[in-house]
Amino acid sequence: MRIFVTGATGYIGSAVVRELLGAGHQVIGLARSDSAAAALSAVGADVRRGELEDLDSLRAGATAADGVIYAANQHISETTDPAARARVELSAVEAIGAALEGSDKPFVVTSGTLGLTFGRLGTEADAPDVERLGAWALRVPTEHAVIAMGERGVRSAALRLAPLVHGEGDLKGFTPTLIGIARAKGVSAYVGDGSNRWPAVHRLDAAHLYRLAVEAAPAGSRLHAVDDEGVTFREIADAIGRQLKVPVVSVAAEDAGNHFGFLGPLVSIDSPTSSALTQERLGWRPTRPTLIADIKEDHYYFND
């Protein structure tokens, strides 16, 4: 297949590109800079210059391809405007979907599992609780739009990433952010008793699922890139504390914002998630190291 990939030089997207090329697919990566274009060419991918705001370029790229993977995954931080970025993403996804309408071509779009459920195991059949997520539900309309495309002749799939996508090269995700906070504060913390759970997946296992999805996911499907169904924040804090040799402490819920910054509203969420249906549907089997094993690796501490 000839597959058009957005976010092709990002942490996840670059792994997706290598996974696709390794399986014999041809890749056209969206690049907005000379350095991104050079990186794509270096691994054997073709280049399409443009950016997410350039809807004409996105439509043309989708039309010329046999399928599309939207792997652009915005990192949320206190220095970004999540609402504006969500609007850009929705416009980009809708433009690509319109170009693919009636073609039965695959279109795999990145979504997420965090906050899918609260206090119980979430599955692919669950829809996000928009009311409880509040401002963090800004990307939910994009997922709904992708699923609806399955009724308009697009083999669309929403691939929900676990919030903790880990592995070598992880510089901006939640895991290095938590490590950075622990290093700066001199303690590795969790909130309350630390029993709340987050799912996790290795970057290379996630990349493999993107390929399986573009090859075979049914129209209108929701897929979960999840290996660890729910790692407790106490376990995460303990692992980071051991590696940094700093104390592991509990932080009261009302102090979470002061300690964790922009992550404060999130670090108490209990959102375990299953990928059993995804594994059954596509034969996906995660094989890479789990989160706690990966936190022990040097790449999270010596990456300058």
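Preceding block: the structure.
Turning next to the overall build of the chain. Scanning the chain for helices and strands turns up 12 helices and 12 strands. If one aligns the C-alpha atoms of the chain with their principal axes, the spans along those axes are about 55 × 40 × 35 Å. Partitioning the contacts of the chain with sequence separation of at least 6, the portion at a separation of at least 24 is 78%. Of the roughly 12,800 Å² of accessible surface on the chain, 48% is carried by carbon and sulfur atoms. Computed over 29 positive and 38 negative side-chain charges, the inter-centroid distance for the chain is 2 Å.

The subject of this paragraph is the sheet that holds strand 6 (residues 155-161). Sheet architecture is open: seven strands sit in the order 3-2-1-4-5-6-10, paired in parallel fashion. Since the sheet does not close on itself, it has two edges, and those belong to strand 3 (46-49) and strand 10 (221-225), each with one partner. Averaged over all pairs of adjacent strands, the angle between strand axes in this sheet comes to 25°, irrespective of strand direction. Direction of pairing for strand 2 (residues 26-31) relative to strand 3: parallel, over a ladder of four bridges. Paired with Leu30 across the two strands is Arg48, which belongs to strand 3.

Another point: the side chain of His166. Tracing the chain through its elements places His166 in strand 7 (residues 164-166). A polar atom in the side chain of His166 sits 3.5 Å from the backbone nitrogen of Leu291. Other than its neighbours up to four places away in sequence, His166 contacts Tyr11, Thr175, Ala200, Val201, His202, Arg203, Pro289, Thr290, Leu291, Asp294 and Tyr300.

When the terminal C-alpha atoms of helix 4 (residues 82-100) are compared, their 27 Å separation across 19 residues agrees well with the 27 Å that a helix rising 1.5 Å per residue should span. In the segment just after helix 4, Gly102 is the residue with positive phi, at about 80°.

Moving on, we come to the packing of aromatic side chains. Going through the model one piece at a time under the given rule, you end up with two aromatic pairs. Ring centres of Phe174 and Trp198 lie 5.2 Å apart, and the angle between their planes is 70°; this geometry places the pair in the edge-to-face category. Of this pair, Phe174 sits in helix 7 (residues 174-185) while Trp198 sits in strand 9 (residues 197-202), and the two are 24 residues apart along the sequence. Looking at Trp198, the relative accessible area reads 1%, which means it is buried. Ring centres of Trp198 and Phe233 lie 5.0 Å apart, and the angle between their planes is 85°; this geometry places the pair in the edge-to-face category. Remark: Phe233 occurs in helix 9 (residues 233-244) and Trp198 occurs in strand 9; sequence separation between them is 35 residues. Overall, Phe233 belongs to the buried group, its relative accessible area being 2%. An aromatic cluster of three or more residues is present, and its members are Phe174, Trp198 and Phe233.

Basis of the calculations
- Residues numbered from 1 in each chain as written.
- Predicted model: local features only at pLDDT ≥ 70, side-chain atom pairs only at ≥ 80, totals over all residues.
- Heavy atoms only, no water.
- Helix = DSSP H or I, 4+ residues; strand = E, 2+ residues; numbered from the N terminus.
- Contact = heavy atoms within 4.5 Å.
- Areas by Shrake-Rupley, 256 points an atom, 1.4 Å probe, with all protein chains shown as cover.
- Lys, Arg positive; Asp, Glu negative; His and termini not counted.
- Charge placed at Lys NZ, Arg CZ, Asp CG, Glu CD.
- Pairing = 2+ DSSP bridges.
- Axes fitted to C-alpha atoms, helices over the stretch in contact; angles between N-to-C directions.
- Polar contact = N/O pair within 3.5 Å; in protein donor to acceptor, adjacent residues only side chain to side chain.
- Expected span 1.5 Å × (residues − 1).
- Phe/Tyr/Trp six-rings, centres within 6.5 Å; stacked < 30°, edge-to-face > 60°.
- Buried < 20%, exposed > 50% of the residue type's maximum accessible area, 1.4 Å probe, protein only.

Keep in mind these values describe shape, not function.
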